[in-house]
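Each chain, letter by letter, is given below.
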Amino acid sequence: MTRVVRRRADLRAALDAAARPIGLVPTMGWLHEGHRALMQRARAADATTVVSIFVNPRQFGDPADLARYPRNEARDLEVCEAEGVDLVFAPPVEEVYPPGFDSVVSVGAIARPLEGAARPGHFEGVATVVAILFNLVGADRAYFGQKDAQQVAVIRRMAIDLAIPTEVIACPTIREPDGLAMSSRNVHLSPAERAAAPVLRRALLAAAEAWSSGERSAETLRERMRAVLSREPLAVVEYVSCADDATLAELDRVAGPALLSLAVRFGSTRLIDNEPLG
Ligand code: AMP
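For every chain, the first residue of the written sequence is number 1, and numbering continues from 1 onward in sequence order. pLDDT decides what is reported in this predicted model: residues at 70 or higher carry local features, side-chain atom pairs at 80 or more are listed and counted, and totals for whole chains, interfaces and linings draw on all residues regardless. With hydrogens and water set aside, each side-chain value is computed from the structure's full complement of heavy atoms.

**A closer look at the layout of surface pockets**
So, point 1. Site definitions follow a grid-based scheme: protein atoms alone, a 1 Å grid, a 1.4 Å probe that fits but cannot get out for cavities, and for pockets an open set with protein on both sides within 12 Å along at least five of seven lines, plus lining residues having an atom within 4 Å of a point. Grid points are joined across faces, edges and corners, and a volume is the space filled by probe spheres set on the points. The volume enclosed by the second largest pocket comes to roughly 260 Å³.
So, point 2. Forming the boundary of the second largest pocket are 14 residues, of which Gln-146, Ala-149, Ala-153, Arg-156 and Asp-245 lie nearest the centre.
So, point 3. Secondary structure elements follow DSSP: runs of H or I of four or more residues count as helices, runs of E of two or more count as strands, with numbering from the N terminus. Of all the elements in the fold, those that place two or more residues in the lining of the second largest pocket are helix H8 (149–161), strand S8 (258–266) and strand S9 (269–277).
So, point 4. If one sorts the elements of the lining of the second largest pocket by residue count, H8 sits on top with five residues.
So, point 5. Under the grouping applied here, Gly and all other residues not named as nonpolar or charged are polar, the nonpolar ones being Ala, Val, Leu, Ile, Met, Phe, Trp, Tyr, Cys and Pro and the charged ones Asp, Glu, Lys and Arg. Of the residues assigned to the lining of the second largest pocket, the class counts are nine nonpolar, three polar and two charged.

**Points about the state of the cysteines**
So, point 1. To count as a disulfide, a pair of cysteine sulfur atoms needs to be within 2.5 Å. Overall, the coordinates contain zero disulfides when judged by the stated rule.
So, point 2. No disulfide involves Cys-171; its sulfur sits 15 Å from that of Cys-80, the nearest cysteine.

**Considerations on the site of the ligand**
So, point 1. Near the ligand you find 17 residues, and of these Met-28, His-35, Asp-148, Ile-174 and Met-182 are the closest.
So, point 2. In protein, a polar contact requires one atom able to donate a hydrogen and another able to accept it; more generally it is a pair of N or O atoms within 3.5 Å, and residues adjacent in sequence count only if both atoms are side-chain atoms. One nitrogen or oxygen atom from the side chain of His-35 is found 2.9 Å from an oxygen atom belonging to the ligand.
So, point 3. Contacts to the ligand include Asp-148, whose side-chain N or O atom sits 2.6 Å from an oxygen atom.
So, point 4. Areas reported here follow the Shrake-Rupley algorithm with a probe of radius 1.4 Å; residue values treat only the protein chains shown as occluding. Protein contact buries 93% of the 480 Å² of open area that the ligand shows by itself.
So, point 5. Of all the secondary-structure elements, those providing two or more residues to the shell around the ligand are strand S2 (22–27), helix H2 (33–45) and strand S5 (141–145).
So, point 6. Tallying contributions element by element places H2 first for the shell around the ligand, with three residues.
So, point 7. Class assignment for the residues of the shell around the ligand results in eight nonpolar, seven polar and two charged. One heavy atom within 4 Å of a molecule or strand makes the whole residue count as near it.

**Let's talk about the packing of aromatic side chains**
So, point 1. Stacked, tilted and edge-to-face are the three classes applied to pairs of Phe, Tyr and Trp rings, where Trp contributes its six-membered ring and a pair requires centres within 6.5 Å; stacked means planes under 30 degrees apart, edge-to-face means over 60, and tilted covers the rest. Tallying each qualifying case throughout the model produces four aromatic pairs.
So, point 2. An angle of 75° between the planes, with centres 5.6 Å apart, marks the rings of Phe-60 and Tyr-69 as edge-to-face.
So, point 3. Residues Tyr-97 and Phe-101 carry aromatic rings whose centres are separated by 4.9 Å and whose planes lie at 75° to one another, so their mutual orientation is edge-to-face.
So, point 4. Note on exposure labels: buried denotes an accessible area under 20% of the residue type's maximum, exposed denotes more than 50%, and partly exposed covers the range between, all computed with a 1.4 Å probe on protein chains only. Exposure remark for Tyr-97: the relative accessible area of 8% places this residue in the buried category.
So, point 5. Owing to a relative accessible area of 24%, Phe-101 belongs among the partly exposed residues under this scheme.
So, point 6. Through pairs of rings, three or more aromatic residues link up here, namely Phe-54, Tyr-97 and Phe-101.
So, point 7. We call a charge positioned over a ring when the NZ of a Lys or the CZ of an Arg lies within 6 Å of the ring centre and within 35 degrees of the ring normal. The ring of Tyr-97 carries the charged tip of Arg-58 above its face, separated from the ring centre by 4.4 Å.

**So, the environment of Thr-2**
So, point 1. Residue placement: Thr-2 occurs in the segment before strand S1 (3–5).
So, point 2. Here the alpha-carbon distance between Thr-2 and Val-96, two residues 94 residues apart in the chain, equals 21 Å.
So, point 3. A polar atom in the side chain of Thr-2 sits 2.8 Å from the backbone oxygen of Val-85.

**Digging into helix H4 (residues 73–82)**
So, point 1. Taken together, the buried positions of H4 are Asp-76, Val-79 and Cys-80. An end-on view of H4 places all buried positions within 100° of arc, on one side of the element. For H4, the exposed residues lying more than 90 degrees away from the buried face are Ala-74, Glu-78 and Ala-82.
So, point 2. Once H4 finishes, Gly-84 follows within two positions and takes phi at roughly 75°, a positive value. The arc in question is the one traced by the directions running from the helix axis out to the C-beta atoms.

**Brief notes about the nonpolar core**
So, point 1. Buried residues of nine kinds, namely Ala, Val, Leu, Ile, Met, Phe, Trp, Tyr and Cys, make up a nonpolar core once their side-chain atoms join them within 4.5 Å. Counting 44 residues, the largest nonpolar core has Phe-134 and Met-158 as its most contacted members.
So, point 2. Take this core: its biggest share by element is eleven residues, from helix H7 (residues 122–137).
So, point 3. We call two residues in contact when some of their heavy atoms are within 4.5 Å. Aside from chain neighbours lying at most four places away, what touches Phe-134 is Leu-24, Ala-139, Ala-142, Phe-144, Ile-155, Met-158, Ala-159, Ile-164, Thr-166 and Val-168.
So, point 4. The next biggest cluster of nonpolar side chains, apart from the first, holds 30 residues, and it includes Trp-211, Leu-260, Leu-262 and Leu-277.

Written out as C-alpha cells, the structure is:
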C-alpha cells in the first residue's frame, strides 16, 4: 500500500520507521513512463521508495506556464501504487515554503549556460526545492532523468557543496516509440505539433552520427542539428548546443566527452532533449 503524506511532520514520522536504504524520486506529477522508470530503479535498489509530487512554483519564470502545468493527483497516486511506491509526499506549497521562507540555493557556473540562460531563476528554484526535499527525506539515493542533463549536474554540485549525503543517480531518458522524449509538457502539443516533435531526436541523432563518423567540429555538429530542425516549420529553435560534458561550456572541437542538447518551441510548448557523445 502506498501511503500519502502532505505535512513535513508526517513525512518525518513515516520515515523514522522506514527500512533503509531510502530512495527518493522527486517529481512534479503528471507521471509517465519516464517517472515510472525512476521508481523502478529505486524499488530495485532501495528498501523504501519515496516519491515526491510537487509542482514547484519557484522554478517557473512564467506564471502562465505554472498555471497550465498539467496535474492529476488521483491518477499519479494510482501510478505510484502500481509501481510499489511506499510513500508519496504531496505537500501544499506552504508546507514546502512556510511563511517567512526567505532563502535561495544558487548554484554557480554549471547552472549558467543552456537552460540557466534561457530560463533565468529556474535552477535556483530547482536547487532550492531539491535541497529541501533532500533534507526532509534524508534519502540515501535520489533518482533523476538524463533528459534534464543540466539539472542532474546542478543537483550533483548542490549536494556536494552543501554536504548533503544523498547520492544523485542519473537514469536514461525514456522515449515514445517515435523517439520523442516523454515529458509532462507533451500533453500541451496539438496533433500537428506532436507529429513534428520527434524532430528534436532526429536532429540530435544526425549530429551524433556525424560525430560517430569522425566529425569533431562542434559548430558543424550544431549546424547539423539546425539543418534538421529548419526543415520542420512548426519548430522554433531556442538553442542548439555542443558542450563540454563536465562544464557545459560550448566547445570549438570535440576532444572528449560532450553533450549535444537543444531547446525547441512548438507554439507555446517548450521541449528539451539531449544526447551524450563519448
Ligand atoms: P518532472 O516531473 O518533469 O520534474 O520530472 C521528474 C523527474 O523525472 C526528473 O528527474 C526528470 O528528469 C525525470 N524525467 C522526466 N522525463 C523523463 C524521461 N522521459 N525519461 C527519464 N526521466 C525523465
